[in-house]
Amino acid sequence: MENHTKIPEWLSVPQEYSAPRDHDAFLRRSAEGLRYVLSRARRSAYHGGRWSFSPPTKLALTLLTIGFVSAASNFAFVEAVGVALLVMLARYDGSRIARTVALPIQATIFSSLILAPALLWGQTHAFWVVPCKTFVATTALSMLSSTTNWNRFTCAFKTLGAPDSLVFIFDLTLKYVVLLCEICVDTITAAQLRSVGRNRHKARSLGGVIGVGFLHAQDHAREQFDAMTCRCFSGNYRRFTAPWRLADTFGVGLIVLELILFSYLEYVIRCSN
């Protein structure tokens, strides 16, 4: 007895599924922004060789420069500091110079746009002075960031006499910014790989990423607290004493010179006028 099996017609019809194209620019840009933060945190700083300052000297010089530039009413001081920063910046190679001045240029353009309406009231002095101060201050800060590893900032703050609570907050913030960025990048990548077709509710995906990051932050905070309790951490940081070098002597000389120049331009010349 012959067994004739007939294939159903629906099995012989080719079935192809083409998922509709979707725009995932928001998730992609979010992941790229987080990866940029991670690359900045993990990058190896340019130490400048034997003539580079120690982290405490660089931090003190940068904070003093930013404070004096912000408080200076004599524009000659801003010009002198700007020239000194450009001379120090000339020691870098081309790619490092481009990365260092990228943020100052953006900050200068932003401050110029904010102060552009001041030209309508004839405030040309403020329109030129404030962006120049912004460029000088952000350049000093960017040079500090590009020449100092993030973990060295903790030692520098403690060496300069910062309270332990500030050092503790700064240390944990740097650690968990990197850790939570890694978690969010992995979660966004998983959401992109599992997304098929058009997704009209991308806000829910973002909410899920934030929720996963929040849950991981809670778990890591609990583990951090338990680890500090087991190791009897009292919140006190030991002062790190870096070996004194000849470059640090030159850095202290720059601090004294900057203080003398600021006092001379702000008080001596003003009193003489």
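Heads up: the structure comes first, above all this text.
Residues numbered from 1 in each chain as written. Predicted model: local features only at pLDDT ≥ 70, side-chain atom pairs only at ≥ 80, totals over all residues. Heavy atoms only, no water.

*Asks:* Is there a simple way to think about the nonpolar core in this case?
*Replies:* In globular proteins that are soluble, nonpolar side chains generally tend to be buried together. Val69, Phe77, Val81, Leu85 and Val136 are the most contacted members of the largest nonpolar core, which totals 15 residues. Those elements that provide at least two residues to this core are α2 (55-71), α3 (75-89), α5 (124-147) and α9 (246-272). At 5 residues, the largest contribution of residues to this core is made by α3. (Core = buried A, V, L, I, M, F, W, Y, C linked by side-chain atoms within 4.5 Å. Buried < 20%, exposed > 50% of the residue type's maximum accessible area, 1.4 Å probe, protein only. Helix = DSSP H or I, 4+ residues; strand = E, 2+ residues; numbered from the N terminus.)

*Asks:* Please explain the packing of α2 against helix α6 (residues 150-159) as it appears in this structure.
*Replies:* For any two helices packed against each other, one specifies the crossing angle of their axes together with the interaxial distance. Viewed as axis vectors pointing N to C, α2 and α6 meet at an angle of 70 degrees, and their least axial separation amounts to 8 Å. Between α2 and α6, the angle is such that the two are roughly perpendicular. Note on element contacts: α6 touches α2 through Arg152, Ala156, Phe157 and Thr159, opposite Pro55, Pro56 and Leu59. Across the contact of α2 with α6, the residue classes break down as 5 nonpolar, 1 polar and 1 charged. (Axes fitted to C-alpha atoms, helices over the stretch in contact; angles between N-to-C directions. Parallel < 35°, antiparallel > 145°, perpendicular 65-115°, else oblique. Contact = heavy atoms within 4.5 Å. Nonpolar A, V, L, I, M, F, W, Y, C, P; charged D, E, K, R; others polar.)

*Asks:* So what exactly am I meant to see when it comes to the packing of aromatic side chains here?
*Replies:* Two measures describe an aromatic ring pair: the distance that separates the ring centres and the angle between the ring planes. Scanning the entire structure with this criterion turns up 4 aromatic pairs. Pairing phenylalanine 127 with tryptophan 128 gives two aromatic rings, centres 5.4 Å apart and planes at 80 degrees, and the pair type is edge-to-face. Accessibility expressed as a relative area gives 15% for phenylalanine 127, which makes it buried. Grouping aromatic residues by their ring pairs yields a cluster made of Phe68, Phe77 and Phe262. (Phe/Tyr/Trp six-rings, centres within 6.5 Å; stacked < 30°, edge-to-face > 60°.)

*Asks:* Would you mind going over the pattern of salt bridges with me for this structure?
*Replies:* A pair can form between side chains of opposite charge whenever their charged atoms are brought close. Summed over all chains, the structure comprises 1 salt bridge. With a shortest N-O distance of 3.3 Å, aspartate 219 and arginine 222 are connected by a salt bridge. In this pair, aspartate 219 and arginine 222 are both assigned in helix α8 (residues 202-230), 3 residues apart and thus about one turn of the helix distant. Assessed through its relative accessible area of 47%, arginine 222 is described here as partly exposed. (Salt bridge = Lys/Arg side-chain N within 4 Å of Asp/Glu carboxyl O.)

*Asks:* What am I meant to see in helix α7 (residues 164-194) here?
*Replies:* For an α-helix, the turn length of 3.6 residues means that residues three or four places apart are oriented alike. A rise of 1.5 Å per residue sets the reference length of α7, with its 31 residues, at 45 Å; its end C-alpha atoms lie 45 Å apart and thus fit the reference within 8%. Those residues of α7 not exposed but buried are Asp164, Val167, Leu172, Tyr176, Cys181, Ile183, Cys184, Val185, Thr187 and Ile188. (Expected span 1.5 Å × (residues − 1).)

*Asks:* What's the story with the packing of α2 against α5 in this structure? I'm lost.
*Replies:* The contact between α2 and α5 brings their axes to 9 Å, and the two run at 170 degrees. Relative to α5, the element α2 lies roughly antiparallel. Contacts between α2 and α5 involve Lys58, Leu59, Thr62, Thr65, Ile66, Val69 and Ser70 on the former and, on the latter, Lys133, Val136, Ala137, Ala140, Leu141, Leu144 and Thr147. Taken together, the residues of the contact of α2 with α5 sort by class into 8 nonpolar, 4 polar and 2 charged.

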